[in-house]
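Fold and geometry: a report
Single-letter residue listing:
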Amino acid sequence: MTIALSPVLVANRGEIAVRVIRTLREMGLDSVAVYAEADRDTLACELATSAYSLGGKSAAETYLNPEAILEAAAKSGARAIHPGYGFLSENADFASRVAEAGLVWIGPSAEAIESLGDKIRARELADSCKVPTITGRSLEGSSVEDALELAQSIGYPVLIKRADGGGGRGISRMNSDSDIRDFYTNLSDPSTLTLCFMEKFISHGRHVETQCARDSFGTFAVVSTRDCSVQRRNQKVVEEAPAPFISEELNTKGMLVTRCWENLHHIPTYAKSSPLEINVITLKLNIDQFIKQFITRNFKSWAQTYYTISIFLRRTQAINTRYRRYNDDIVTLQER
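Read on for a plain summary of the structure.

What follows is about the environment of Glu114. As for its position among the elements, Glu114 is in helix 5 (residues 110-117). Since its relative accessible area comes to 43%, Glu114 is described here as partly exposed. Measuring from C-alpha to C-alpha, the distance between Glu114 and Glu90 comes to 8.4 Å, with 24 residues separating the pair along the chain. In this structure, Glu114 is in contact with Ala92 and Arg121, ignoring residues within four places of it in sequence.

So, about the side chain of Ser31. Mapped onto the fold, Ser31 is located in strand 2 (residues 31-35). Among residues more than four places away in sequence, those in contact with Ser31 are Pro7, Val8, Ile21, Leu24, Ala48, Thr49 and Ser50.

Take the packing of aromatic side chains next. As enumerated under the stated definition, the model contains three aromatic pairs in all. Between Phe94 and Trp105, the aromatic rings sit 5.5 Å apart at their centres with planes inclined by 85 degrees, giving edge-to-face as the arrangement. Residue Phe94 is located in helix 4 (residues 92-100), and its partner Trp105 is located in strand 5 (residues 104-105); the two are separated by 11 residues in the primary sequence. The same class applies to Phe94 and to Trp105, which are both buried.

Looking now at the packing of helix 4 against helix 5. Running from N to C, helix 4 and helix 5 point in directions that differ by 175 degrees, and their axes come no closer than 8 Å. In terms of their interaxial angle, helix 4 and helix 5 are classed as roughly antiparallel. Judged by residue contacts, Ala92, Ala95 and Ser96 of helix 4 engage Ala110, Ile113 and Glu114 from helix 5. Considering only residue class, the contact of helix 4 with helix 5 consists of four nonpolar, one polar and one charged.

Looking now at the sheet that holds strand 7 (residues 158-162). Strand order in this open sheet of four strands is 6-9-7-8, and the pairing throughout is antiparallel. Two strands in the sheet have a free side with no partner beyond their single neighbour: strand 6 (136-138) and strand 8 (171-174). For this sheet the average axis-to-axis angle between neighbouring strands, irrespective of direction, equals 20 degrees. Across three bridges, strand 6 lies against strand 9 (residues 196-200) in antiparallel orientation. Bridging across to strand 9, Arg137 finds its partner in Met198. Set on the sheet, helix 6 (residues 119-128) makes contact with strand 6, strand 7 and strand 9; between it and strand 9 the angle comes to about 55 degrees. Those strands touched by helix 7 (residues 144-154) are strand 6, strand 7 and strand 9, and its axis lies near 25 degrees from that of strand 9.

Rules used in this analysis
Residues numbered from 1 in each chain as written. Predicted model: local features only at pLDDT ≥ 70, side-chain atom pairs only at ≥ 80, totals over all residues. Heavy atoms only, no water. Helix = DSSP H or I, 4+ residues; strand = E, 2+ residues; numbered from the N terminus. Buried < 20%, exposed > 50% of the residue type's maximum accessible area, 1.4 Å probe, protein only. Contact = heavy atoms within 4.5 Å. Phe/Tyr/Trp six-rings, centres within 6.5 Å; stacked < 30°, edge-to-face > 60°. Axes fitted to C-alpha atoms, helices over the stretch in contact; angles between N-to-C directions. Parallel < 35°, antiparallel > 145°, perpendicular 65-115°, else oblique. Nonpolar A, V, L, I, M, F, W, Y, C, P; charged D, E, K, R; others polar. Pairing = 2+ DSSP bridges.

Have a look at this one:
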């Protein structure tokens, strides 16, 4: 049965809001824009079927305010909410509240967001599905002796990362036993180890990311690749797409596509009704230049801001695909 999801409230601003609204218009569907006062006269508000103020000026008062967005949805008669990327798009609590309000959340489920949003849980999920990951494990409840034993078994150098980190934050490199001892000595609160994990530092690797999609029939496609290896202080400086430096050997074997397929194919096995069965996902990989192997770093349950580059490279409009999936249409990756 087809469910009418029009109008769709777009809980975002700027480029992604415009892109979603234009896509809805092309599909003959009504859209609802929301705005902070400074965004009243932006293109998104002009293009949308209707626009509602979120009653504030700052991001915290508007685009990061679940109550304001849900209130606007109620006033506008919206049947669904598309969060775009950023802001509340990876907020599992907001996704749950949208569903509780009787609206359709056009995006990954709260369960998927929670599972992939925490690096430790994402690693455990990948390991349970036998997806190759960088050697390491959680430091929850560990003593300094436990950490030393783990580091020695992995082999220095190692990294200690925070599960709630991101954007290069919360990463410490350990080159020796003394570094590990100093790290534990300087811990102001040992309970923070609950959020920490240790993994092998790959000294000669390339940081490659992909955006992938999976359709109603289980067909999988890598929409694009990008090399993010040029970094300063763990922050990406330049990204190149498609990713260069993927050798002919790797391409011939199809290792990139295979690894990505295995990641996305096996993840749904952890739930009877998979939140990732039909979705767009970002995969973060390391290519170990020594052993010529792809190793999973991390997952993101959304396409993220790089989405526009994927469209440019492949002319693939995933917003249309995502909407049609939630409208109970049969979705295939061949349809553009």
